[in-house]
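Structural characterization, general
The chain contents come next:
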Amino acid sequence: MANFAKPENALKRAEELINVGQKQDALQVLHDLITSKRYRAWQKTHEKIMFKYIELCVDMRRGRFAKDGLIQYRNICQQVNVTSLEEVIKYFMDLSTKKAELARSQAQALEEALDVDDLEADKRPEDLMLSYVSGEKGNDRSDRELVTPWFKFLWETYRTVLEVLRNNSKLMALYADTAHRAFQFCKQYKRTTEFRRLCEIIRNHLANLNKYRDQRDRPDLTAPESLHFYLDTRFEQLKVATELELWQEAFRSVEDIYGFTSMVKKMPKSSLMAVYYAKLTEIFWISSSHLYHAYAWFKLFLLQKSFNKNLNQKDLQLIASSVLLAALSAPPYDHLKTASHFELQHEKERNLRMYNLIGFNIDTKLETREVLSRSSLLADLVSKGVMTYVTQEVKDLYHLLENEFLPLDLASKVQPLLAKIAKLGGKLSTASSVPEVQLSHYIPALEKVATLRLLQQVSRVYQTMKAETLSKMVPFFDFSFVERICVDAVKHNFIAMKVDHMKGAVIFGDLGFESDILQDHLSVLAVNLTKSRSMIYPSQAKASKLSDMLPSLADIVDKEHKKLLARKSIIEKRKEDQERHLLEMEREEETKRLKLQKKTEEAEQKRLISEIEERKHQRIRREIEEREREEAEALLNDVGKRIKKKGKKPPIIEGEKMTKQSLMELAMQEQVRERQEMEKKMQKLTKTLDHFERAKREEAAPLIEAAFQNRLAEERLLHELEQQREVKESRERHDEYVKQKYRLARVMEHKMEFEERVVNLREAEYKRMRAEREERLNQVLKARKEERDMKRKMLYYLRTEEERLTRLREEEEARVRQEAEKRKKEEAERRAKLDEIAERQRKREQELEERERLRKEAILRGTPIDAPIKQLPSDLPGPGLAAPAAAAAAAAAAAPLESGGGGSKYVPKFRRGGGAAPAPSGDRWGSGKQDDRAAPAPSADRWGSGKQDERPAPAGDKWRPSFGAGARTSKFSR
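Residues numbered from 1 in each chain as written. Predicted model: local features only at pLDDT ≥ 70, side-chain atom pairs only at ≥ 80, totals over all residues. Heavy atoms only, no water.

For the protein chain, an unreviewed UniProt entry supplies the name Eukaryotic translation initiation factor 3 subunit A and the organism Deinandra increscens subsp. villosa. In its Sequence similarities (unreviewed entry) section, the UniProt entry covering the protein chain states "Belongs to the eIF-3 subunit A family." (UniProt positions renumbered as here; feature names shortened; annotations may be inferred.)

Things to note about the overall build of the protein chain
A tally of regular secondary structure across the protein chain gives 29 helices and seven strands. Within the protein chain, buried positions represent 31% of all 974 residues. Taking all contacts inside the protein chain whose residues are at least 6 apart in sequence as the whole, residues at least 24 apart take part in 73%. (Helix = DSSP H or I, 4+ residues; strand = E, 2+ residues; numbered from the N terminus. Buried < 20%, exposed > 50% of the residue type's maximum accessible area, 1.4 Å probe, protein only. Contact = heavy atoms within 4.5 Å.)

As for a nonpolar patch on the surface
Taken together, the side chains of Phe405, Leu408, Val461 and Tyr462 make up a nonpolar region of the molecular surface, amounting to roughly 350 Å² of accessible area. Here valine 461 lies in helix 21 (residues 443-461). With a relative accessible area of 46%, valine 461 lands in the partly exposed category. (Patch = residues over 30% accessible without salt bridge, like charges linked within 9 Å, V, L, I, M, F, W, Y side chains within 5 Å. Areas by Shrake-Rupley, 256 points an atom, 1.4 Å probe, with all protein chains shown as cover. Salt bridge = Lys/Arg side-chain N within 4 Å of Asp/Glu carboxyl O.)

Section: a negative patch on the surface
There is a patch of like negative charges on the surface, built from Glu584, Glu586, Glu588 and Glu589. Considering the arrangement of structural elements, one finds glutamate 588 in helix 26 (residues 553-645). (Lys, Arg positive; Asp, Glu negative; His and termini not counted. Charge placed at Lys NZ, Arg CZ, Asp CG, Glu CD.)

Describing the sheet that holds strand 3 (residues 464-466)
Read across the sheet, three strands follow the order 3-5-4 without closing on themselves; strand pairing throughout is antiparallel. In this open sheet, the two edge strands, each paired with only one partner strand, are strand 3 and strand 4 (497-500). On average, adjacent strands in this sheet sit at an angle of 20 degrees to one another, irrespective of strand direction. Pairing of strand 3 with strand 5 (residues 505-508) involves three bridges; the strand directions are antiparallel. Paired with threonine 464 across the strands is isoleucine 507, a residue of strand 5. (Pairing = 2+ DSSP bridges. Axes fitted to C-alpha atoms, helices over the stretch in contact; angles between N-to-C directions.)

Thoughts on the pattern of salt bridges
Evaluation of the coordinates by the stated rule reveals 48 salt bridges. Aspartate 256 is paired through a salt bridge with arginine 203; the nearest N and O atoms lie 2.7 Å apart. Separated by 53 residues along the polypeptide, aspartate 256 in helix 12 (residues 247-264) and arginine 203 in helix 10 (residues 192-211) bring together distant segments of the chain. For glutamate 857, the salt bridge is made with arginine 861, and the minimal N-O distance between the two is 3.9 Å.

What to know about the packing of aromatic side chains
Applying the stated criterion to the full structure yields 15 aromatic pairs. Taken together, a centroid distance of 5.0 Å and an interplanar angle of 75 degrees make the contact between phenylalanine 51 and tyrosine 91 edge-to-face. Placement of phenylalanine 51 in helix 3 (residues 44-60) and of tyrosine 91 in helix 5 (residues 82-106) is noted, with a sequence separation of 40 residues between them. With a relative accessible area of 25%, tyrosine 91 lands in the partly exposed category. On the basis of an interplanar angle of 55 degrees and a centroid distance of 5.7 Å, the ring pair of phenylalanine 183 and phenylalanine 195 is categorised as tilted. With a gap of twelve residues between them, phenylalanine 183 in helix 9 (residues 172-188) and phenylalanine 195 in helix 10 connect regions that are remote in the sequence. Comparing phenylalanine 183 with phenylalanine 195, the two get one shared label, buried. An aromatic cluster is built from Phe151, Tyr158, Phe185 and Tyr189, whose rings are joined through pairwise contacts. Arginine 61 extends its terminal NZ or CZ atom over the ring of tryptophan 150, reaching a point 4.9 Å from the ring centre. (Phe/Tyr/Trp six-rings, centres within 6.5 Å; stacked < 30°, edge-to-face > 60°. Lys NZ or Arg CZ within 6 Å of the ring centre and 35° of its normal.)

Regarding the pairing of strand 4
Pairing of strand 4 with strand 5, which is carried by four bridges, proceeds in the antiparallel orientation. Within strand 5, the position partnered with valine 499 by the bridge is valine 506.

Some details on helix 15 (residues 313-329)
Look at helix 15: 24 Å from first C-alpha to last across 17 residues, which is about the 24 Å you get at 1.5 Å a residue. Where burial is concerned, most of helix 15 is hidden: 14 out of the 17 residues are buried. (Expected span 1.5 Å × (residues − 1).)

Considerations on the packing of helix 5 against helix 9
Two numbers describe how helix 5 lies on helix 9: the axes approach to 11 Å, and their chain directions differ by 10 degrees. Looking at the two axes, helix 5 sits roughly parallel to helix 9. Across from Glu86, Ile89, Lys90, Met93, Asp94, Thr97 and Arg104 in helix 5, the residues of helix 9 making contact are Leu174, Thr178, Arg181 and Gln188. Here the contact of helix 5 with helix 9 is composed, by residue class, of three nonpolar, three polar and five charged. (Parallel < 35°, antiparallel > 145°, perpendicular 65-115°, else oblique. Nonpolar A, V, L, I, M, F, W, Y, C, P; charged D, E, K, R; others polar.)

Remarks on the environment of valine 80
Mapped onto the elements, valine 80 comes out in the loop between helix 4 (63-77) and helix 5. Exposure remark for valine 80: the relative accessible area of 58% places this residue in the exposed category. On a C-alpha basis, the gap between valine 80 and alanine 41 in space is 8.9 Å, while along the polypeptide they are 39 residues apart.

Shown next, in the form of structure tokens:
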């Protein structure tokens, strides 16, 4: 590998090598430069180098070199200039396409030149052997060697570009454009195998985007732009799959579209959804799923009617007719009626999957065959008004098949309608998403449905019929095909019939006419007859001339082909493992770098935040001080202005020494003084206004009285005039009313008759309505009474059930409570016994301590051990315990110094005056004798009475106890 100071030098070196014909060396030089870590900073020269590198890769058809170079260049310019990467990739695809087109133009026969099943497969062993056996190459083989390699390279170019751009959010448009170009390549040259692989590649890219969500530069699938590109790609994939008649791949494309829309939770535009349902109709029709086909047509009709306002009446009529004919073409019986439980569960899951694809939300608790069926679809067509758009022939056919009962004339009336319907159809306007509608392809399915309806209606009328008569009644098919239709209908429990070929009769009746033994006799007979025929007339295999020449050639070819396929799969697997390992290493390095960068950023962020907070606090303090200073100055100026306005001298204020508090106090004093002066002025003004108002009212009182008298006289005169006018008008009205009365008196008799007739009619109507109302009220009251009774019974049942549950719960709680009390009682008894045992132990320890104390007192006083110890009055035991206490004292005095010292303890002088605790009346063995064994040391932690005082002994006491390690006796020394 040569090291260059600048990238331009590498480019010049590559051009020199190209000029002398060493393209491989030039490619290696540029590849080493691109993959080198020394030139990671993007420059404009890198773009020129990549263009030259791509030219060399295309000329030499080195797809692997091109892929490595593009991946390295993507890492270089991804964050700096991603447009340069886009230009390089476009140049790569354009150059590969031009080379492939040039090779295609040089070939004489394109179809023979592209007669290769798989562009990624190497030469087959058969082809190699044929080339050596034949010895002479024909035009077809030479064309294949000329054209096929360039198309292989073009296909590899598309795969490389898609792999490079699969997780790049900035080049989503280029990714979609590459996918579209790859789809057109497969469509133009009928490459079905490559199309399937292309669909799988795009599907895996989307799955990896959802799986690894922490990738750098990962596109956001919820963004409108990304959603638009991905949906366009999927819809283009669906269109090409249907045009190539790859129906399985088309169905998977439909599932991809549905899964993508469910993932992003956004529905595509109505135009795209129209294409979606149009392609679904084709897929379901090819798969003979007539019911799903009809539902897809129904959704397409609703969508076109709602959103496509440019459709004319003829187009809408053809689409509606297609919807109705598709619904009628569905079989009128349920295929799952005789299915097993496993088949029912499998079919239920399949139906839910199909219904989701079509766009129906189905409740999983319900039976899907009851929710979406042929009858429910026809009912929906009637309710949604589809019948108003269909042609008259289709409408008549619907009434004949669904509403009429014509067992003898049904076929004869349906046949002319089907002949008319077969002529309907044609191309639709450009506004529709369906380019063409032909109703003739529904004719075979409709003939079958008409035959089933005829058989169903005949089975309801006849019990026996001649086979010849039935064959004449069905003009669509011969009797053998009718018999197959009958077998299918009987299998699904649509009709019950059997055919007696010996008598030439058809018998309609119950399904239980066959025994279990003869149920499958026809199928067994057919299998045996087929075997017999194959034995009598064996098939003769045609041997080729090549197999005659080389008998073992086929076996050798198969073995070599299998070896090559196995080797290829191993190589591909190793390559994938290596690429996966490299990707994982890159991902780990990137993760470490991101973690380190994140820690550095967090530390820097904390430092910046602390500095910002400190500056903020300083700024707030400065603002507070500045505001206080400004307020103090404003108060000072305000006070000075007020005092100057009054003509007084302002107070003498020391500017800098005057604080804000003193200024506020001065301002408050001035305000209080001003308020007092203002109150005095207001009192004086109020008194003046009172005197003025009183004088004004005294002068105005006589004038007001005179004006009132004048107004009273004027109103009295006006009242008299109004009264006279009213009397005159009243007399005139009365005279007019009298004249009117005399004029209307002639029709009074007719008026009374009419009034009586109207009253009678209304009274009869009132009685009738009253009776109806009473009857209706009685029914309502009866219903309400029944409802109340039912509710009362239900409430009684609920109350009794609740009482029963409450009683059970209370009994359970009482049982639990009794058990808890019993456990508490047992625990208390156990604790009492333990306390009693502890009390006995404590008394025994006190007794032993008292013995030891008496012994030590005797030693300290110098009293002989054999002499009796004189007890103080306070140390005397009670009457009941005198004997045991004396015995304990004697035993303590007679004990030698070294015996039983393990439990002894030094008792200071100031502690000796206290009274000794009474010794127990007897030991635990029940006798009054003292235990001769050494008493254990009193416990200082368990019993409060055994705790010794840890204060130092008085200075006058010179005794110092010393205890040997592990010794049980006490030794004293001065």
